[in-house]
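Commentary on secondary and tertiary structure
Residues per chain are reported as follows:
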Amino acid sequence: MLFKRETAIGPIAIGEKDGFIAYLHLPGETARLRNFGATDEEPPVVREAFRQLELYLDGALKKFDLPLKPEGTPFMRKVWDALLTVPYGVTASYKDIAEAVGSPKAVRAVGLANARNPIAIFIPCHRIIGSSGKLVGFGGGLELKQRLIDLEARHSR
């Protein structure tokens with residue numbers, strides 16, 4: 001079940017499965033979703049996820065401590081694990097991630113895995129940029145991606 005709240009970046013929906021965070025839907029995606037748990041009480045893990053998200057958006061939290069369980073292929077999970085190693089306030093390229101997962105020629109596959117990240121922000125796909133340094137691809141749009149990168153840059157000094 002998904003639970004929706006208004007946040008500093010717009011409406012966010014977070015879903016849990018078996019006590020793990022399994023989904024985070026960004027504002028543009030959230031608007032199209034149905035079946036929110038409006039009448040159900042948020043599970044403790046979802047409450048904690050929203051609490052940590054708000055702290056992050058305020059610049060007061062640099063590392064999430066949540067039980068995450070994204071669903072994807074073994075390669076996708078490997079890429080998402082690599083994304084978790086990119087520090088707060090730092091960006092990496094798709095090529096960097098491809099090399100980190102031991103598949104230096106799989107830059108496009110890394111891009112696809114990044115695009116299919118079901119727990120954006122908590123698994124920081126927004127920190128991944130093109131090798132030219134340009135912002136490319138983000139489910140929440142490039143404006144939100146830049147906003148998150150700028151937020152981290154401001155608070156990592």
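Below you will find a few notes about this structure. (Residues numbered from 1 in each chain as written. Predicted model: local features only at pLDDT ≥ 70, side-chain atom pairs only at ≥ 80, totals over all residues. Heavy atoms only, no water.)

Moving on to the pattern of salt bridges. For the coordinates displayed, the defined rule picks out 6 salt bridges. The closest approach of N and O atoms between glutamate 42 and arginine 5, which form a salt bridge, is 2.5 Å. A residue pair is termed long-range when its members are at least 10 positions apart, and glutamate 42 in the loop between helix H1 (27-30) and helix H2 (44-57) and arginine 5 in strand S1 (residues 2-7) qualify at 37 residues. The exposure class of glutamate 42 is buried, given its relative accessible area of 15%. Arginine 5 sits in the partly exposed class, given a relative accessible area of 30%. Between glutamate 41 and arginine 47 there is a salt bridge, with its nearest N and O atoms 3.7 Å apart. Glutamate 41 sits in the exposed class, given a relative accessible area of 67%. (Salt bridge = Lys/Arg side-chain N within 4 Å of Asp/Glu carboxyl O. Helix = DSSP H or I, 4+ residues; strand = E, 2+ residues; numbered from the N terminus. Buried < 20%, exposed > 50% of the residue type's maximum accessible area, 1.4 Å probe, protein only.)

Turning our attention to unusual backbone geometry. If a residue is not glycine, its phi is most likely negative; likewise, a peptide bond is most likely trans. With a phi close to 55 degrees, aspartate 18 is a non-glycine residue in the positive phi region. Inspection of the secondary structure assignment puts aspartate 18 in the loop between strand S2 (10-17) and strand S3 (20-25). Since its relative accessible area comes to 63%, aspartate 18 is described here as exposed. Backbone geometry places isoleucine 121, a non-glycine residue, at a positive phi of 75 degrees. Its place among the elements puts isoleucine 121 in the loop between helix H5 (107-115) and strand S5 (128-129).

As paired strands, S1 and S2 are joined by 6 bridges and run antiparallel to one another. Bridge pairing in S2 places phenylalanine 3 opposite isoleucine 14. Linking S1 back to S2 in an antiparallel pair, the connection comprises 2 residues. (Pairing = 2+ DSSP bridges.)

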